Amino acid sequence: ARDATQKAMYMDPNVIDPFKLMEPQLRALSESIKLLVQSDNPVLHKVSEYFFEKPGKRFRPAIVMLVAQASPPSGSVSEKQRRLAEITEMIHTASLMHDDVMDHAATRRGVPSLNSAHGNQLAILAGDFLLSRASLNLARLQNVEVIELLSTVIAHLVEGEVMQSKHGGAEALNFDYYMRKTYLKTASLLAHSCKAAVLLADAHEPERRRAADLCFDYGKHLGLAFQIQDDILDIVGDLATLGKEPGSDIREGITTAPVLFALEKHPKLREMIERAFSREGDADTALALVRDSDGVERSKALAELHSSLAAQAAEQLEPSVARDALVRLAGIVVDRKA
């Protein structure tokens, strides 16, 4: 019954769109970030602004500011919480710059990736510069616990990328390894940023601490649901909706939830996973086998489980428009097609 109520809430067209709710703040955030990444060096300034000229949906800062509005005292976003949302987006963007170098990516957000347009060296340096600016502004928040939380995120992003770069072998067959990597690369940033947003609020203890723990759980489960849905779309999507060919993770030697679930029906996948789909024809064969299994359906169930857990955490906050938007967002991440 609870799941049905949550599903009805985030599918109800009368429930406000989380991104429309935050659109004015997000527009201001994009302009503010451009100021934060300014540099006297014209080349560094240009490459650091590269992705902020055409921002994506700004999913992460929207969540941070929604959490700020939904947590005690609810209804407002402080200057420090806005700055935290900016820091979160800067850290995320820096990680994309570094990931694109590691993955030899040619495009990002429908435009040439930074490494493709300006080379690997500048892409790495631009990512480092964004992280340094994020760290500087993080220190200026003057909250030791928040500094520790976001510093942990940066370490987790590196650990997660190292785990993903180890293609094939026994780890690639381990579902716990996959979930840990997914947490480190995707969910940790949301979990720690959501908790930090609550800790920056001017609320009384223990109310603030309880809300911080709930929002950590919300961010963690939302992040896991988001990434598992991404992994599903890589199997069932198409070039028109994804902007890339389906099966790109497999072609890069990356094992995801649908592949691991499909392994139970198709044991022949084991050898392909262990060699990171490196032989000619491996990727196409693996993609066909995954589609000829219940791997996508079981992955969908797992994504919906984490979506439900995120919604349950949000529902324990005080009732508000922002709280309802967080619940709806938990459904949006698993219902999206791109």
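Residue numbers restart at each chain and count upward from 1, following the sequence in its written direction. Where local features are concerned, this predicted model is filtered to residues with pLDDT of at least 70; where side-chain atom pairs are given and counted, the filter is 80 or more; whole-chain, interface and lining totals use all residues. Side-chain calculation: all heavy atoms of the structure are included, whereas hydrogens and water are not.

> What is the right way to look at the overall build of the protein in this model?
The helix count covers DSSP runs of H or I at least four residues long, the strand count covers runs of E at least two residues long, and both are numbered beginning at the N terminus. Of regular secondary structure, the protein possesses 17 helices and two strands. When we talk radius of gyration, it's over C-alpha atoms, and the globule rule is simply 2.2 Å times the number of residues to the 0.38. The C-alpha atoms of the protein give 20 Å as radius of gyration, which agrees with the globular expectation for 338 residues (20 Å, within 12%). Here the C-alpha coordinates of the protein stretch approximately 55 × 55 × 35 Å along the principal axes. Accessibility here uses a 1.4 Å probe with only protein chains present; expressed as a share of the type maximum, an area under 20% marks a residue as buried, one over 50% as exposed, and anything in between as partly exposed. Counting every position in the protein, which comprises 338 residues, the buried fraction comes to 54%. In what follows, residue pairs with any heavy atoms lying within 4.5 Å of each other are defined as contacts. Partitioning the intrachain contacts of the protein with sequence separation of at least 6 by distance along the chain shows that 75% fall at a separation of at least 24. Accessibility throughout is a Shrake-Rupley quantity obtained with a 1.4 Å probe, and a residue counts as covered only by protein chains that appear here. For the protein, the accessible area works out to roughly 14,900 Å², and carbon and sulfur atoms hold 53% of it. Taking the average location of the 40 positive side-chain charges in the protein and that of its 47 negative ones, the two points are 2 Å from each other. The sign given to each residue is positive for Lys and Arg and negative for Asp and Glu; His and the chain ends receive no count. Note on charges: their place is set at NZ of Lys, CZ of Arg, CG of Asp or CD of Glu.

> Honestly, unusual backbone geometry in this entry has me stumped. Any pointers?
Glycine aside, negative phi is the norm for most residues, and most peptide bonds take the trans geometry. Proline 73 follows proline 72 through a cis peptide bond whose omega is -10°. Tracing the backbone shows proline 73 in the loop between helix 4 (59-70) and helix 5 (79-103). Despite not being glycine, glutamine 142 shows a phi value in the positive range, around 55°. Assignment of secondary structure puts glutamine 142 in the loop between helix 7 (120-139) and helix 8 (144-165). Although it is not a glycine, alanine 276 adopts a positive phi angle of roughly 60°. Inspection of the secondary structure assignment puts alanine 276 in the loop between helix 14 (269-274) and helix 15 (282-291). Classification of alanine 276 by relative accessible area gives buried; the value is 14%.

> Explain the packing of helix 2 (residues 18-36) against helix 5 to me, please; I cannot follow it from the model alone.
Any two packed helices are characterised by how steeply their axes cross, that is the angle between the axes, and by the distance between the axes. Every axis corresponds to a line fitted to the C-alpha atoms, with the helix fit spanning only the stretch in contact, and the corresponding angles, defined between N-to-C directions, vary from 0 to 180 degrees. Interhelical geometry of helix 2 versus helix 5 gives an angle of 70° and a closest axis separation of 10 Å. Considering their axes alone, helix 2 and helix 5 lie roughly perpendicular with respect to each other. Two packed elements cross with a definite hand, and for helix 2 against helix 5 that hand is right-handed. Packed against helix 2, whose contacting residues are Leu29, Ser32, Ile33 and Leu36, the element helix 5 presents Arg82, Arg83, Ala85, Glu86, Glu89 and Met90 at the interface. Looking at the contact of helix 2 with helix 5 residue by residue, the classes come out as five nonpolar, one polar and four charged. When an angle is under 35 degrees it counts as roughly parallel; over 145 it counts as roughly antiparallel; between 65 and 115 it counts as roughly perpendicular; any other value is oblique. Each crossing gets its hand from how the near helix is turned against the far one by less than a right angle, where anticlockwise is left-handed and clockwise is right-handed. Under the scheme applied here, ten amino acids are nonpolar (Ala, Val, Leu, Ile, Met, Phe, Trp, Tyr, Cys and Pro), four are charged (Asp, Glu, Lys and Arg), and all others, including Gly, are polar.

> So what exactly am I meant to see when it comes to the side chain of histidine 221 here?
Locating histidine 221 in the fold gives a position in helix 10 (residues 207-236). Note on histidine 221: relative accessible area 12%, which makes it buried. In this structure histidine 221 touches His306, Leu309 and Ala310, once residues within four positions along its chain are discounted.

> Before we go on, may I ask you to explain the nonpolar core in this structure?
Note that soluble globular proteins tend to have their nonpolar side chains buried in a common cluster. Counting 103 residues, the largest nonpolar core has Phe59, Ile63, Ile91, Val146, Leu150, Tyr218 and Leu222 as its most contacted members. For this core, the element with the highest residue contribution is helix 9 (residues 175-199), accounting for 14 residues. Those residues within four positions of valine 146 in sequence are excluded, and the remaining contacts are Leu84, Leu138, Leu141, Ala196, Leu199 and Leu200. The term nonpolar core refers to a set of buried residues drawn from Ala, Val, Leu, Ile, Met, Phe, Trp, Tyr and Cys, joined through side-chain atoms within 4.5 Å.

> Can you walk me through helix 5 in this structure?
Because each turn of an α-helix spans 3.6 residues, side chains separated by three or four positions end up pointing in the same direction. Given a rise of 1.5 Å per residue, 25 residues ought to cover 36 Å, and the 36 Å separating the end C-alpha atoms of helix 5 matches this to within 8%. Burial within helix 5 is extensive, with 18 of its 25 residues counted as buried. Remark: histidine 104 follows helix 5 within two positions and exhibits a positive phi of approximately 55°. Here the expected span of a helix is defined as 1.5 Å times the quantity of residues minus one.

> Looking at this structure, how should I read the environment of serine 39?
Take serine 39: it is sitting in the loop between helix 2 and helix 3 (42-48). In this structure, the C-alpha to C-alpha distance between serine 39 and phenylalanine 129, residues 90 residues apart in sequence, is 9.5 Å. The contacts of serine 39, once residues within four sequence positions are left out, are Leu44, His45 and Phe129. Whenever a nitrogen or oxygen atom comes within 3.5 Å of another N or O atom, the pair is scored as a polar contact, on the condition that within protein one atom can donate a hydrogen and the other can accept it, and that pairs from neighbouring residues in sequence are kept only if both atoms are in side chains. Polar contacts involving the side chain of serine 39 include one to the main-chain amide nitrogen of asparagine 41, which spans 3.1 Å.

> Any chance you could explain the packing of helix 10 against helix 16 (residues 295-315) here in plain terms?
At a minimum axis separation of 8 Å, helix 10 and helix 16 run at an interaxial angle of 160°. One way to sum up the angle between helix 10 and helix 16 is to call them roughly antiparallel. In this structure, helix 10 meets helix 16 at a crossing whose hand is left-handed. Taken together, the residues of helix 16 that come into contact with helix 10 (itself represented by Leu214, Asp217, Tyr218, His221, Leu222, Leu224, Ala225, Ile228, Gln229, Ile232, Ile235 and Val236) are Val296, Ser299, Lys300, Leu302, Ala303, His306, Ser307, Leu309, Ala310, Ala313 and Ala314. Taken together, the residues that form the contact of helix 10 with helix 16 break down as 16 nonpolar, five polar and two charged.

By themselves, these figures tell us nothing about what the structure is for.
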